[in-house]
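Summary of the model geometry
Spelled out from the first residue to the last, the chains are:
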Amino acid sequence: MSKSFPVLVTGGAGYIGSHAVLALLDAGWDVVVLDNLVTGFAWAVDERATFVQGSVEDMELTERLIADHGIGAILHFAGSVVVPESVSDPLKYYRNNTAASRALVERAVQSGVRHFIFSSTAATYGEPESIPVREDAPKQPINPYGRSKLMTEEMLKDVSAAHPMNHAALRYFNVAGADPDGRSGQSTAGATHLIKVAVEAATGKRDHVAIFGSDFDTADGTGVRDYIHVTDLAAAHVAALEALIARPEDSYTLNCGYGHGYSVIEVLDAVDRVTNRQIKRKFEARRAGDPAALVCDNSAIRSALDWTPKLDDLDSIIGHALAWERTLQDREV
Ligand code: UDP
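Residues numbered from 1 in each chain as written. Predicted model: local features only at pLDDT ≥ 70, side-chain atom pairs only at ≥ 80, totals over all residues. Heavy atoms only, no water.

Quick look at the overall build of the protein
Our working rule: The numbering of helices and of strands both runs from the N terminus, where a helix is a DSSP run of H or I of at least 4 residues and a strand a run of E of at least 2. Computation of the radius of gyration draws on C-alpha atoms, with the globule rule given as 2.2 Å multiplied by the number of residues to the power 0.38. The buried label applies to any residue whose accessible area, calculated with a 1.4 Å probe on protein chains only, is under 20% of its type's maximum; exposed applies above 50%, and partly exposed to all values in between. Contact between two residues is taken to exist if any of their heavy atoms lie within 4.5 Å; hydrogens are not considered. The method behind every accessible area is Shrake-Rupley, applied with a 1.4 Å probe, and residues are considered shielded solely by the protein chains displayed. Neither His nor the chain termini are counted; the positive set is Lys and Arg, and the negative set is Asp and Glu. The atom standing in for a charge is NZ when the residue is Lys, CZ when it is Arg, CG when it is Asp and CD when it is Glu.
Looking only at helices and strands, one finds 10 helices and 14 strands in the protein. Radius of gyration (C-alpha) of the protein: 19 Å, near the 20 Å computed for a compact globule of 333 residues. Counting only C-alpha atoms, the protein reaches 55 × 45 × 35 Å along its principal axes. Split into buried and exposed, the 333 residues of the protein put 55% on the buried side. Relative to all contacts within the protein whose residues are 6 or more apart in sequence, the contacts with residues 24 or more apart total 76%. Of the accessible surface of the protein, which amounts to about 14300 Å², a share of 49% is contributed by carbon and sulfur atoms. Distance between charge centres in the protein, computed from 31 positive and 45 negative side chains, equals 2 Å.

Points about the nonpolar core
Just so we agree on the cut-off: Here, nonpolar core means buried Ala, Val, Leu, Ile, Met, Phe, Trp, Tyr and Cys residues that are tied together by side-chain atoms lying within 4.5 Å of each other.
The biggest cluster of nonpolar side chains holds 66 residues, and the ones touching the most others in it are Val7, Val9, Leu24, Val31, Ile195 and Leu305. The leading source of residues in this core is helix H7 (residues 230–246), at 10 residues. Apart from the residues lying within four places of it in its own chain, the contact partners of Val31 are Val7, Val9, Val21, Leu24, Leu25, Ala49 and Thr50. In this structure, Val56, Val113, Phe118 and Met165 belong to the second largest nonpolar core, which totals 22 residues.

Side note on the site of the ligand
Keep this limit in mind: We define proximity as follows: a residue is near a molecule or strand when any one of its heavy atoms falls within 4 Å of that partner. Nitrogen and oxygen atoms within 3.5 Å of one another constitute a polar contact, given that in protein one can donate a hydrogen and the other can accept it, and given that sequence-neighbouring residues count only through two side-chain atoms.
In the region of the ligand, 14 residues are neighbours, and Leu194, Ala210, Arg225, Arg287 and Asp290 sit closest. Between the ligand and the protein, one listed contact pairs an oxygen atom with a side-chain N or O atom of Asn174 at 2.9 Å. In this structure, His193 approaches the ligand through a side-chain N or O atom, which is 3.4 Å from an oxygen atom. Considering the ligand on its own, with 510 Å² of exposed area, one finds that the protein chains cover 88% of that surface. At the level of secondary structure, the elements contributing two or more residues to the shell around the ligand comprise helix H6 (194–202) and strand S8 (208–212).

Here we look at the environment of Glu242
By secondary structure assignment, the location of Glu242 is in helix H7. Accessibility expressed as a relative area gives 21% for Glu242, which makes it partly exposed. Once the C-alpha coordinates of Glu242 and His115 are considered, the two residues, 127 residues apart in sequence, prove to be 9.9 Å apart.

A few points about unusual backbone geometry
Cis rather than trans, the peptide bond between Ile131 and Pro132 has omega equal to 0 degrees. Turning to its location among the elements, Pro132 is positioned in the loop between strand S5 (115–121) and helix H5 (144–162). Even without being glycine, Leu37 reaches a positive phi, approximately 60 degrees. Structurally, Leu37 can be placed in the loop between strand S2 (31–35) and strand S3 (50–53). Overall, Leu37 belongs to the partly exposed group, its relative accessible area being 24%. A positive phi angle, near 60 degrees, is found at Asn276, a position not held by glycine. Summarising the element assignment, Asn276 is placed in the loop between helix H8 (264–275) and strand S13 (280–284).

Describing the side chain of Asp226
Applied cut-off: Each salt bridge in this description consists of a side-chain nitrogen of Lys or Arg and a carboxyl oxygen of Asp or Glu lying within 4 Å of one another.
Mapped onto the secondary structure, Asp226 falls in the loop between strand S9 (224–225) and strand S10 (227–229). There is no salt bridge for the buried Asp226, and the closest opposite charge comes from Arg302, which lies 9.4 Å off by N-O distance. Of note is the side chain of Asp226, whose polar atom sits 2.8 Å from the backbone nitrogen of Tyr258. Those residues in contact with Asp226 that sit more than four places away from it in its chain are Phe173, Asn174, Gly257, Tyr258, Gly259, His260, Gly261, Leu294, Val295 and Cys296.

Some remarks on H5
Because each turn of an α-helix spans 3.6 residues, side chains separated by three or four positions in sequence point in the same direction. Threshold: In this scheme, a helix's expected span is set at 1.5 Å multiplied by one less than its residue total.
With 19 residues, H5 ought to run about 27 Å at 1.5 Å a step, and its terminal C-alpha atoms sit 27 Å apart, in line with that. Among all positions in H5, only Pro144, Tyr145, Gly146, Ser148, Lys149, Leu150, Thr152, Glu153, Met155, Leu156, Val159 and Ser160 are buried. In the core, the buried residues of H5 are packed alongside helix H3 (83–88), helix H4 (90–110), S5, strand S6 (166–172) and strand S11 (252–256).

Here it is as structure tokens:
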């Protein structure tokens, strides 16, 4: 596979972006990271990459970066990701996830960038009518976050039809875990995601874990999700990049998940098993807008890309998240 050009990674100082940067570098790509450091951390960017602090909305900057480095592909992770915040401040989401993406895509097209990979989300489906959910299932997002991402997906389809730039929109399910070699992990403060919250409780940073709802229509009544290891997700981006280069006429919209789910209770049992202790659990009311179960059909990504999961194991996901949590807490002391 020719690696004849460097790639630009926006949001490369964030959780998923920093793991994608590692995967790209490990695969031999030259990487330029653009991140405004609002939620990311400069130390999360591997030193083999070139780091530039700035905004994807700054069209002069992105034009210059693309030209100066000869960027041939963009992996666009930068964006806002907190669902409840998208409800209270929708314009922030339409700005950061839709308008900023539009600005970046315009520069990409004008500068002759041929390949674009976009971080999309299972939130584009809303409450799926049935699971596992396929890519062609109805897209009825139930919050501005999902809508802001779906709009960018639609925009990219139109752009790829009109211009010589193909794209991959990767719909992430529940991303968790950390780099198995301990080089990066989920570092943003004020976590709300279950596995991060649970490892914080396991390391004494929190008193307990709240279980949001026990009356869902699932086997044990708690919410079921498809948890994917962040390192497998990062590898999917490298595979998507290779596919976009190999098949310049094709674009892709692909679910990223393992195709099976775990309930909240199964996740907490696994955390107890991995840590060999019992974290305190408190049953609470359902969180607004939480679907009962969200599990993907991943047959499309398996056939479209050269990608097979390597870390599809809940205990490993939790073990790596826990190791990173300890690293972070040592750093904070
Ligand atoms: N959840 C929970 N307690 C928490 C955080 C999450 O019970 O402290 C549940 C949530 O209701 C959902 C699942 O865990 O059923 C995954 O939630 P998360 O916030 O990790 O991701 P989401 O699926 O909302 O994107």
